[in-house]
Amino acid sequence: MGSGKMKPETTLEAGRILVVDDEEIVHLTIRRLLEREGYTIDSAYGGVEALGKIDGGYDLLILDIRMPELDGIEVLREIRRRELAIEVIILTGYATMESAMQAVSYGARGYLMKPIENIPEFKSKIREAIRISQLARENRQFYDAVVSGQGPAIREETREVFRRLMEVIRDAVVFLDFDGNITFANVNFAQVLGESFQNLLGARFESYVVEEDQDKLVEVFTRLSSGQVAISIPAQLKTNYGSLLSVIISSSPIYHEMEYRGIVMVISDVTQINKVREKVELLANLVENAQHDMMLIMNSEGQIMECNSLVRSSFGYSRSEMLGLNMKALFKSEAGMGWETIVDSVELDSKGRGEILATSRDGKEMPVEITVSRPGKANSSSHIICFMRDITERKRAEEALRELDRMKSEFISNVSHELRTPIHAIRGFAKLMLRGKVPDTETQKEFLGIIDERSQHLGALIESLLDMSRLESGRFDIQKQHLLIKDIIHEAIGSIYSLANDKGIVISEDIPATLPEIEADRERLGQVMVNLLSNAIKFSNGERSVIVKAEAKDDELVVQVTDHGIGIPKEAMLHLFERFYRAEDSMARGGAGLGLYISRQIIEAHGGRIWVDSKVGKGTTVSFALPLNQAGSGSHE
């Protein structure tokens with residue numbers, strides 16, 4: 001039992017660290033931070049130099065991923081190939097989920113971001129890695145003493161250090177003889193299996209391994225007994241809790257006086273890690289394939305560390321080109337202040353939002369809505385998350401709504417004018433006649449004719465407004481019947497004859513006598529013809545002709561109304577069939593801007609199409625085509 005005095009605890013050395021990075025500022029920063037803590041720091045400026053120094057008894061390697069000649073991943077591969085016992089922490093400014101997971105799979109303890117901003121976290125990870133490295137070295141020193149069968153010959157100090165080592169190791173540890181029987185296990189191994197030490201000692205380890213993984217276990221025994229120094233395998237263990245445990249089993253052989261004596265296994269429970277990894281992979285997949293939101297992660301300097309596919313496709317960069325690019329490169333130079341304002345708001349309260357003009361690689365401008373946030377409290381993280389959404393379509397819709405509002409306002413003004421003008425004329429002439437101011441019959445007839453003409457104009461305007469209402473509410477009916485297009489054209493010409501005659505315009509026809517019947521709504525089709533003829537007369541210069549042509553062509557009846565008037569500007573052509581739109585110049589004013597809109601709806605309701613060809617100063621041709629009625633046999637006589 002000893003004298004009763006408490007023995008001092010074994011203390012760990014400060015540790016030796018090799019820093020591998022091609023940037024001098026990184027070496028200076030790490031020296032400044034860690035030499036104060038008592039660590040010994042050596043430097044290597046590339047992968048090749050590091051591999052030349054790595055056998056020098058270092059406890060920890062701080063390794064950059066991106067380096068010339070030989071990168072960090074290649075250095076890790078070589079460390080694994082040489083089976084060197086050294087802890088590794090990756091230090092990089094461009095870490096991604098893929099590179100981090102790859103580094104860990106090759107034996108890295110973890111990774112840290114540069115520039116080093118969270119100093120307490122940095123020191124903590126360095127301290128933990130040094131501790132694990134030195135404990136592992138002590139473990140190797142005491143293997144022989146524990147399993148060599150010396151029993152009482154093992155010094156008390158050796159037993160105490162080994163006991164402490166087994167207690168502080170978080171993973172399950174088990175020792176096997178060369179037949180695979182359990183000779184020793186720590187408390188963690190018993191706990192994860194839900195098994196007592198009495199049942200564990202002497203039991204065959206394979207009895208706790210699921211059947212489909214037992215072939216892997218046989219391979220481990222074979223390779224270790226053949227001289228391999230270490231091997232790791234994924235496996236599942238059976239527990240007394242009625243569940244399976246996903247683990248990584250890392251195994252090494254035990255030798256005593258050059259004789260193979262058994263195996264030591266360190267068993268890491270990765271059940272929760274696997275679940276987290278599945279969730280991370282699912283989340284990463286959702287982010288990568290997001291259809292509407294561009295997502296980026298950047299460091300405090302604005303360098304892009306990660307981005308999803310929508311960012312790359314929207315801006316025209318490959319993934320390797322995007323990583324390391326500064327966010328400012330994605331915005332127009334004059335938009336820089338807007339970006340700086342958003343970032344400044346992040347510094348104040350961990351989030352910022354705004355609209356800014358972005359520029360793709362080929363120079364295409366793209367308005368984006370941007371939301372930037374820093375995880376946790378302000379200034380607590382070096383990472384900044386950025387969400388961007390292309391709002392080009394929204395901006396177009398907003399502009400279209402503004403234009404529609406403008407057109408509605410203009411429409412109300414125009415309709416008010418169009419209503420007031422005939423009403424004033426009707427009231428004026430009616431008052432004159434009621435007061436007996438128009439005694440002669442001829443003048444009365446003239447005034448009554450004006451009243452009638454203005455009443456018809458007023459009725460047509462009101463009917464157009466009602467038609468628009470019916471169209472928008474879905475109550476616009478088409479009553480089809482068999483008819484001849486020539487009859488419709490003649491009726492329309494007759495209704496606007498006086499309007500043409502007043503301007504000295506002659507309406508001529510080019511209509512074959514053999515055109516077949518069509519199936520259409522007589523009233524609605526007549527409404528279209530009146531609209532087209534009225535526009536042709538309105539926008540024609542005086543003493544010109546308007547030509548109406550009809551022909552059967554490719555199972556369609558095509559009707560054209562051609563004038564020799566002022567023509568329509570190219571920029572107006574795109575809007576001709578929109579409601580409230582009026583193509584005007586100084587020679588033609590008035591109208592509600594509904595005629596062509598309603599005409600198009602009528603033609604399309606018949607399964608047809610309507611279009612316009614025009615040259616400024618030459619004239620305009622408005623054409624529409626209707627499907628021919630194959631069953632109809634009538635023709636123009």
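In this numbering scheme, every chain counts its residues from 1 along its sequence in written order. The predicted nature of this model means local features are confined to residues of pLDDT at least 70 and side-chain atom pairs, given and counted, to a pLDDT of 80 or more, with totals for whole chains, interfaces and linings taken over all residues. In computing side-chain properties, one takes all heavy atoms of the structure into account and sets aside hydrogens as well as water.

Draft legend 1. Quick look at the packing of aromatic side chains. Ring geometry is summarised as follows: Phe, Tyr and Trp rings, the Trp one being its six-membered ring, pair when their centres sit within 6.5 Å, and such pairs are stacked at plane angles under 30 degrees, edge-to-face over 60 and tilted between the two. Counted under the stated rule, the structure contains 2 aromatic pairs. Seen in terms of ring centroids, Phe189 and Phe205 are 6.2 Å apart; in terms of plane orientation they differ by 25°. Their pairing is stacked. Of this pair, Phe189 sits in helix 7 (residues 187–193) while Phe205 sits in the loop between helix 8 (197–200) and helix 9 (214–225); the two residues are 16 residues apart in sequence, bridging distant segments of the chain. Across the pair, Phe205 and Phe189 agree in class, each one buried. By definition here, charges over rings are those cases where NZ of Lys or CZ of Arg is within 6 Å of the ring centre and within 35 degrees of the ring normal. A cation over an aromatic ring shows up here: Arg16 above the ring of Tyr58, its NZ or CZ 4.4 Å from the ring centre. Helical segments are the DSSP runs of H or I of at least four residues, strand segments are the runs of E of at least two, and each set is numbered from the N terminus. Only protein chains enter the accessibility calculation, which uses a 1.4 Å probe; a residue is then buried when its area is under 20% of its type maximum, exposed when over 50%, and partly exposed in between.

Draft legend 2. Here's a closer look at the pairing of strand 9 (residues 244–256). The rule for pairing is simple: two strands pair if DSSP sees at least two bridges between them. Bridge count for strand 8 (residues 231–238) against strand 9 is 8 bridges, and the pairing is antiparallel. Bridge pairing in strand 9 places Pro234 opposite Ile248. Between strand 8 and strand 9, which pair antiparallel and follow one another directly, the connecting turn spans 5 residues, one of which, Gly242, has a positive phi of 80°.

Draft legend 3. Representation of the side chain of His606. Within the secondary structure, His606 is located in the loop between helix 20 (595–605) and strand 21 (609–615). With relative accessibility at 5%, the residue His606 sits in the buried group. Once residues within four sequence positions are removed from consideration, His606 is found in contact with Ile478, Lys480, Glu519, Ala520, Asp521, Leu626 and Pro627. Pairs of residues are marked as contacts when any of their non-hydrogen atoms sit within 4.5 Å.

Draft legend 4. Structural context of the nonpolar core. Nonpolar cores were defined as sets of buried Ala, Val, Leu, Ile, Met, Phe, Trp, Tyr and Cys residues, with membership established by side-chain atoms within 4.5 Å. Ranked by internal contacts, the top residues of the largest apolar core, which has 43 residues, are Ile485, Ile518, Leu525, Met529, Leu533 and Phe624. Those elements giving two or more residues to this core turn out to be helix 16 (485–495), strand 18 (518–520), helix 18 (522–538), strand 19 (545–553), strand 20 (556–563), helix 20, strand 21 and strand 22 (619–627). Those residues in contact with Leu525 that lie beyond four places of it in its chain are Leu483, Ile485, Ile488, Ile518, Ala520, Ile603, Phe624 and Leu626. Counting residues in each nonpolar core, the second largest holds 28 residues, with Ile182, Val220, Phe221 and Leu245 among its members.

Draft legend 5. Molecular detail of the packing of helix 16 against helix 18. The angle between two axes is taken between their N-to-C directions and runs from 0 to 180 degrees, where each axis is a line fitted to C-alpha atoms and a helix contributes only its stretch in contact. Between helix 16 and helix 18, the least distance of the axes is 9 Å, while the angle of their chain directions is 50°. One finds that helix 16 runs oblique with respect to helix 18. In this structure, the crossing between helix 16 and helix 18 has a hand that is right-handed. Here Ile485, Asp487, Ile488, Ile489, Glu491, Ala492, Ile493 and Ser495 of helix 16 lie close against helix 18, whose contacting residues are Arg522, Leu525, Gly526, Met529, Val530 and Leu533. A class-by-class count of the residues in the contact of helix 16 with helix 18 yields 9 nonpolar, 2 polar and 3 charged. If an angle is under 35 degrees, it is roughly parallel; if it is over 145, roughly antiparallel; if it lies from 65 to 115, roughly perpendicular; otherwise it is oblique. Each crossing gets its hand from how the near helix is turned against the far one by less than a right angle, where anticlockwise is left-handed and clockwise is right-handed. The residue classification treats Ala, Val, Leu, Ile, Met, Phe, Trp, Tyr, Cys and Pro as nonpolar and Asp, Glu, Lys and Arg as charged. All others, Gly included, are polar.

Draft legend 6. Layout of the sheet that holds strand 4 (residues 87–92). Pairing is parallel across the open sheet formed by 5 strands, whose spatial order is 2-1-3-4-5. Edge strands, defined here as strands with exactly one partner in the open sheet, are strand 2 (40–44) and strand 5 (110–113). Taken pair by pair, the neighbouring strands of this sheet meet at an average axis angle of 25°, ignoring direction. Of the strand pairs in this sheet, strand 3 (residues 60–63) and strand 4 are connected by 4 bridges, and their pairing is parallel. If you follow Leu60 over to strand 4, its bridge partner there is Glu87. Together, strand 1 (16–20), strand 2, strand 3 and strand 4 form the strand contacts of helix 1 (residues 24–34), whose direction differs from that of strand 2 by roughly 175°.

Draft legend 7. Structural view of the pattern of salt bridges. What counts as a salt bridge is simple: a side-chain nitrogen of Lys or Arg found within 4 Å of a carboxyl oxygen of Asp or Glu. The tally for this structure, following the rule as stated, stands at 22 salt bridges. Residues Lys395 and Glu355 are paired through a salt bridge, measuring 2.8 Å at the closest nitrogen-oxygen approach. Here the residue Lys395 occupies a position in helix 14 (residues 392–434), and Glu355 occupies one in strand 13 (residues 351–359), the gap between them amounting to 40 residues. Judged by its relative accessible area of 30%, Lys395 falls in the partly exposed class.

Draft legend 8. Just the sheet that holds strand 13, in detail. Strand order in the open sheet formed by 5 strands is 12-11-15-14-13, with antiparallel pairing between adjacent strands. Since the sheet does not close on itself, it has two edges, and those belong to strand 12 (304–307) and strand 13, each with one partner. The average angle at which neighbouring strand axes cross in this sheet is 25°, direction not considered. Pairing of strand 14 (residues 365–373) with strand 15 (residues 384–390), which is carried by 6 bridges, proceeds in the antiparallel orientation. By the bridge assignment for strand 15, Val368 is matched with Asp390.

Draft legend 9. Fine view of unusual backbone geometry. For Asp554, which is not a glycine, the phi torsion comes out positive at approximately 55°. For Asp554, the position within the fold is in the loop between strand 19 and strand 20. One non-glycine residue, Asp555, lies in positive phi territory at about 60°. Relative to the assigned elements, Asp555 resides in the loop between strand 19 and strand 20.

Draft legend 10. Here's a closer look at the packing of helix 18 against helix 20. Packing of helix 18 against helix 20 leaves a shortest axis separation of 9 Å and a crossing angle of 145°. The chirality of how helix 18 crosses helix 20 is left-handed. Two secondary-structure elements touch here, helix 18 through Arg524, Leu525, Gln527, Val528, Asn531, Leu532 and Asn535 and helix 20 through Gly595, Leu596, Ile598, Ser599, Ile602 and Ile603. Considering only residue class, the contact of helix 18 with helix 20 consists of 7 nonpolar, 5 polar and 1 charged.

Draft legend 11. Region of interest: the pairing of strand 14. In terms of strand pairing, strand 13 meets strand 14 through 9 bridges, oriented antiparallel. What sits directly across from Gly352, in strand 14, is Val372. Between strand 13 and strand 14, which pair antiparallel in sequence order, lie 5 residues; one of them, Gly363, sits at a positive phi of approximately 90°.

Draft legend 12. Up close: helix 18. A helix's residues, less one, multiplied by 1.5 Å, set its expected span. Spanning 17 residues, helix 18 covers 24 Å between terminal C-alpha atoms, matching the ideal 24 Å at 1.5 Å per step. For the purposes of these results, a polar contact is taken to be a pair of N or O atoms within 3.5 Å, where, inside protein, one atom must be able to donate a hydrogen and its partner to accept one; residues adjacent in sequence count only when each atom of the pair is a side-chain atom. In this structure Asp521 caps helix 18, since a side-chain oxygen of it lies 3.1 Å from the backbone nitrogen of Glu523.

Draft legend 13. Examining the environment of Arg261 more closely. With respect to the element layout, Arg261 can be found in strand 10 (residues 259–269). The partly exposed category is assigned to Arg261, whose relative accessible area is 27%. The spacing of Arg261 and Phe178 is 83 residues in sequence and 5.9 Å in space, taken between C-alpha atoms.

Draft legend 14. Spatial organisation of the confidence of the model for the protein. Looking at the protein, the pLDDT average stands at 78 and 77% of residues meet or exceed 70. Confidence of the predictor at the level of single residues is captured by pLDDT, which takes values from 0 to 100. Every residue in residues 143–154 scores below 50 in pLDDT, and together they form 19 contacts with partners more than four places removed in sequence or on other chains. When the criterion is pLDDT under 50, residues 630–637 qualifies, and its contacts beyond four places in sequence or with other chains add up to 20 contacts.

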